[in-house]
Amino acid sequence: MDDLLREFVGETLDMMESVAGDLVVWEADPTDRSGLDRIFRTVHTVKGSSSFFDLPRITAVAHAAEELLDALRARRSVPAAPAVAAILEAFERIRQLTVAIAADGAEPEGDDAALIGQILSNLRGGLALAAGERGVEEQPAIPGAHDQVGPVTVVPQNWRSVRLPVALLDQLMNGVSDLVLGRNEVAAQLRAAGIDPAELSAFERLSTTLAQVRAAVGQMRMVPLRQLFAPLPRLVRQLSSELGKDVRLEIEGGEVEIDREVAESLRDPIVHVLRNAIDHGIESSERRIAAGKPAQGTLRVSARQAHNRILIALEDDGGGLPLESLVSRAIADGHVAEDEAPKLTPDRIAEFVFLPGVSTAAAVTGVSGRGVGMDVVKANIEKLGGQTHVRNRPGAGVTVEFDVPMTLTIISALAVDAGGQSFAIPRSVVLEVLLASSDAVQRQSAGGAGLLRVRGRMLPLLVLEELLGLSKTGEEADRAIILCRVGGNATVAIDVPDVRDHEELVIKPLPPLLLTLGIYSGMSLPDSGQPMLVLDVDAIAAGSILSDQGEEIPAASMAERDSELWLTCTVHHDDRCLAVPMTWIERLHDLPVAALSRIGERHVAMIDGQLVPMVVTGAIPEQGTIRVVRIGDGVRRLAIPIVDVGQMLPLDVEIPAEDALLPLIGLAQHDGAIIQLLDAPALLAETERAWPRREKGVTV
Amino acid sequence: MSSGLYLVAGVGGTTIALPAETVEAVVRITALVPVPCAPPTIIGLATIRSRVFTLLDTALIAGEGTAQSQLMAISSIEGHGYGLALERVEDVIAIDRFGPAPAGLTSAWAQLVDGMADHQGRAILLVRPEAIVASAGTPLGAAA
């Protein structure tokens, strides 16, 4: 059901409820003409909008009721009970039909002739009676019980809603933010007065309630995806008949909620992908039967929520992508060198559908195949801070996946400090965070351009203070390098003085004056009360370096990019080999055993004057030195004792596996040895839970 | 021009009148965060009761040279909150009518002024907040 029809349903149900009351009031006091006028206008509105939506049954019933009401208005006398009953019955019928539309998106089959006859018979018969005769006529009070209406459904609860101007919601949100700031200030004053706010139960209750209200206000912007999916069956039916295909649509996950604004922006991409799937994905029935598939093609739209992101999968069971023509097109357009082509993996080729100018169609049809499309879809999804993926199953279909944030108003961001203020970098563009002092990175410069070499790739390097024209502060030790994804596939490194925190930020739009600077995409007012600007990394990169390079500077071959690089090592607890992703390794250390201490169940090591949590999986020698590998994401870090370092290998997960001591993403094998692939982010997160990081008064 | 209430304020040596209905409040400038790379007409972001206002240097926009302003008039334009820095705020008064803007205004002022009133022998220039915001992006005064 599209938004308009949904609005019609909501409004009509509201009106039917109030109009029935009006009618009863008017019957009691016929001199009150305003009541009758109101009823007449309501029925007129319903008639008009139902004919706009092509709902013939509602239109016909409303039309009959309108005629009767018009006659009653003209007579200026006491209405006869049967006439009132007939109109009430008409309202009830309209209500029932509207409920059915709410459930199915269409008017149910049925016949209202008996009801309409009943209403119109009042026009011919005794329209109005003298006051003394009221109620004497012995017509059945509620006629038309034999009409077909289908089973009576109870009005779904979600229609009991109020319509609010968005400005009022914004005002409410601002008010709640105000309350939070006020609460923080009170807490600070309490602390200054020597009172621990946590011990003040009234204050605690205030905080809890405030958190709940804040969550509820955030919820107000959310709509179920059902609303977005509702017009799809009609669209699929229409397109498939236009193209002579037999297609069935399955929808799943309509209950998943998403920000209204994100839902709006998803509409076109979804329609586009479905259109493509029907046009060139799903084969004709004859070809499907010949291929041993059911004659009817299936499209599946499903949605699920993963943390604060929504994954929408659009799947067809058609013939899959024409990989060969994708490759030749990509070569022809200069996206790939000809000698590179044989090295491309099928997954990589499938991603070529997102290149500009590439079409999956053999022929241009009226529906799609003009080569404008998937690149625009990808760009639209990326504008939302989302990603697109395509999975091709040769001969069995294609799945296009959108991974989008649940809400635009709250983003997960890294707060970075520069020049005495904080800026936010959205997590959606951050690929990884490295310590500038890490051995994994090497700074270079060429012709004045800053470059960073990371694991065989040469990336453009931007220094945040230089970008923003801020003075550099002396402290160099803690600098971090944030690798960001920009412009689709390119990567840029940003050198920042300090990564402070991960934060969930409520984003507010920037005035045009600031937006046009091309540096910031929004702003936020975190609990600190100091406004924080959100960096538009894409625009910054486009403005400062990538304008003439476009893609990242090629250093790694395609094949190398497909498999992640791992460092193998032997660990204490196991004969098997552990592999640690190179991306997460900060460095290796040989530590004197004396640098380790044990606190309860946990171990901690003193490394370069800092305490680093240790993940100990076996016995630690009594004396001498031990070798550890230190991993981290620039904010969190930990060390794992190892026996020896093996080699650096590109590895892929072959089978998933679990291990009681260390989180794994799976197992791989190399030269006959089984290698455990460490899930570094999971281990960092686990360790953090055991050792909450305290820094600048912030507990993460 | 019709009669109404106006906030009378000083910008450089000139007295201006802002229509009272366009001004939400006049507040002291506190908690200012700069916006790196912004033109000099944008002083920064000021926060008042969890609303963030883009603070504009009214004097600089009017070509009077930057001034140390303590106060700002806050105004909402197309959903965004702006603060207009003012060196001095005099009063809110009723002005019956404004005549046309005087000839010979500097180009910076010409972009801002909508009319002039003779209020008890003093020339007061009518300035609308939208005009200040519109000029902040293309500051003739700042370039001069």
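Keep in mind it's a predicted model, so treat the numbers as computed, not measured. (Residues numbered from 1 in each chain as written. Chains lettered and ligands numbered in written order. Predicted model: local features only at pLDDT ≥ 70, side-chain atom pairs only at ≥ 80, totals over all residues. Heavy atoms only, no water.)

Draft legend 1. Focus on the environment of A:Glu286. Along the polypeptide, A:Glu286 turns up in helix 11 (residues 285–290). C-alpha of A:Glu286 to C-alpha of A:Gln296: the two residues are 10 residues apart in sequence and 10.0 Å apart in space. (Helix = DSSP H or I, 4+ residues; strand = E, 2+ residues; numbered from the N terminus.)

Draft legend 2. Just the nonpolar core, in detail. Ranked by size, the top nonpolar core spans 64 residues in total, and within it A:Ile482 and B:Leu56 carry the most contacts. B:Leu56 has contacts with A:Leu513, B:Thr41, B:Ile42, B:Ile43, B:Ile61, B:Tyr82, B:Gly83, B:Leu84, B:Ala85, B:Ile132, B:Val133 and B:Ala136, leaving out every residue within four places of it along the chain. In this structure, A:Ala263, A:Val271, A:Leu299 and A:Val398 belong to the second largest nonpolar core, which totals 51 residues. (Core = buried A, V, L, I, M, F, W, Y, C linked by side-chain atoms within 4.5 Å. Buried < 20%, exposed > 50% of the residue type's maximum accessible area, 1.4 Å probe, protein only. Contact = heavy atoms within 4.5 Å.)

Draft legend 3. Quick peek at the sheet that holds strand 18 (residues 532–535) of chain A. All names here are of chain A. Strand order in the closed barrel formed by five strands is 8-9-18-17-16, and the pairing between neighbours is mixed. On average, each strand axis in the sheet is inclined to that of its neighbour by 45 degrees, with strand direction left out of account. Alignment of strand 9 (residues 421–426) against strand 18, held across two bridges, turns out to be parallel. Along strand 18, the bridge assignment pairs Phe 423 with Leu 533. (Pairing = 2+ DSSP bridges. Axes fitted to C-alpha atoms, helices over the stretch in contact; angles between N-to-C directions.)

Draft legend 4. Just the packing of helix 9 (residues 232–242) of chain A against helix 10 (residues 260–281) of chain A, in detail. Residues and elements named next belong to chain A. With their axes 10 Å apart at the nearest point, helix 9 and helix 10 run at an angle of 35 degrees to one another. In the packing of helix 9 onto helix 10, the handedness of the crossing is right-handed. Contacts from Leu 232, Leu 235, Val 236, Leu 239 and Ser 240 of helix 9 reach helix 10 at Ile 270, Val 271, Leu 274, Arg 275 and Ile 278. (Left-handed = near helix turned anticlockwise from the far one by under 90°.)

Draft legend 5. Quick peek at the packing of helix 10 of chain A against helix 14 (residues 374–383) of chain A. Residues and elements named next belong to chain A. With their axes 9 Å apart at the nearest point, helix 10 and helix 14 run at an angle of 150 degrees to one another. Our classification of the angle between helix 10 and helix 14 gives roughly antiparallel. Once helix 10 is placed against helix 14, the crossing between them reads as left-handed. Contact residues: helix 10 offers Leu 266, Pro 269, His 272, Val 273 and Asn 276, while helix 14 offers Met 374, Val 377, Asn 380 and Ile 381. The class makeup of the residues in the contact of helix 10 with helix 14 is six nonpolar, three polar and no charged. (Parallel < 35°, antiparallel > 145°, perpendicular 65-115°, else oblique. Nonpolar A, V, L, I, M, F, W, Y, C, P; charged D, E, K, R; others polar.)

Draft legend 6. Representation of the interface of chain A and chain B in the model. Listed per partner, the contact involves 25 residues of chain A and 21 residues of chain B. Both sides of the chain A and chain B interface together cover about 1800 Å² of buried area, and 71% of this is carbon and sulfur. Per-residue buried area on chain A facing chain B is highest for A:Leu513, A:Leu514 and A:Pro531; these three make up 29% of the total on that side. Across the contact surface, chain A and chain B share two residue pairs in polar contact (both at pLDDT 80 or more). With four residues, helix 6 (residues 166–192) of chain A is the largest single contributor of residues to the side of chain A that touches chain B. Across the side of chain A that touches chain B, the residue classes tally to 18 nonpolar, five polar and two charged. (Buried area = accessible area lost by both parts, 1.4 Å probe. Polar contact = N/O pair within 3.5 Å; in protein donor to acceptor, adjacent residues only side chain to side chain.)

Draft legend 7. Layout of unusual backbone geometry. All names here are of chain B. A positive phi is found at Cys 37, a non-glycine position, where the angle reads about 75 degrees. Relative to the assigned elements, Cys 37 resides in the loop between strand 4 (32–33) and strand 5 (42–48). Despite not being glycine, Gln 120 has its phi angle at roughly 45 degrees, a positive value. Relative to the assigned elements, Gln 120 resides in the loop between strand 10 (113–119) and strand 11 (122–127). On the basis of relative accessibility, which here comes to 74%, the residue Gln 120 falls in the exposed class.

Draft legend 8. Region of the structure containing the environment of B:Phe98. Mapped onto the elements, B:Phe98 comes out in the loop between strand 9 (88–95) and helix 2 (107–112). When the C-alpha positions of B:Phe98 and B:Met116 are compared, they lie 5.1 Å apart, and in sequence the two are 18 residues distant.

Draft legend 9. How the structure looks around helix 3 (residues 56–75) of chain A. Counted at 1.5 Å a residue, the expected span for helix 3 of chain A with its 20 residues is 28 Å, and the 29 Å between its end C-alpha atoms agrees. For helix 3 of chain A, every residue scored as buried is listed here: A:Arg57, A:Ile58, A:Thr59, A:Val61, A:Ala62, A:Ala64, A:Ala65, A:Glu66, A:Leu68, A:Leu69, A:Ala71 and A:Leu72. (Expected span 1.5 Å × (residues − 1).)

Draft legend 10. Molecular detail of helix 12 (residues 323–332) of chain A. All names here are of chain A. All of the buried residues along helix 12 are Leu 326, Val 327 and Ala 330. All buried residues of helix 12 fall inside an arc of 100 degrees around its axis, so they share one side. Across from the buried face of helix 12, at angles greater than 90 degrees, the exposed residues are Glu 324 and Ala 332. Structurally, helix 12 contributes buried residues whose contacts are with helix 13 (346–350). One or two steps after helix 12, the chain reaches Gly 334, where phi turns positive at roughly 75 degrees. (Arc of directions from axis to C-beta.)

Draft legend 11. Representation of the packing of aromatic side chains. Residues and elements named next belong to chain B. This structure, assessed with the given rule, holds one aromatic pair over all chains. Taking 5.0 Å as the distance between ring centres and 70 degrees as the angle between the ring planes, the aromatic pair formed by Tyr 6 and Phe 98 counts as edge-to-face. In this pair, Tyr 6 is assigned in strand 1 (residues 4–11) and Phe 98 in the loop between strand 9 and helix 2, connecting sequence segments 92 residues apart. Owing to a relative accessible area of 8%, Tyr 6 belongs among the buried residues under this scheme. A relative accessible area of 3% places Phe 98 in the buried class. (Phe/Tyr/Trp six-rings, centres within 6.5 Å; stacked < 30°, edge-to-face > 60°.)

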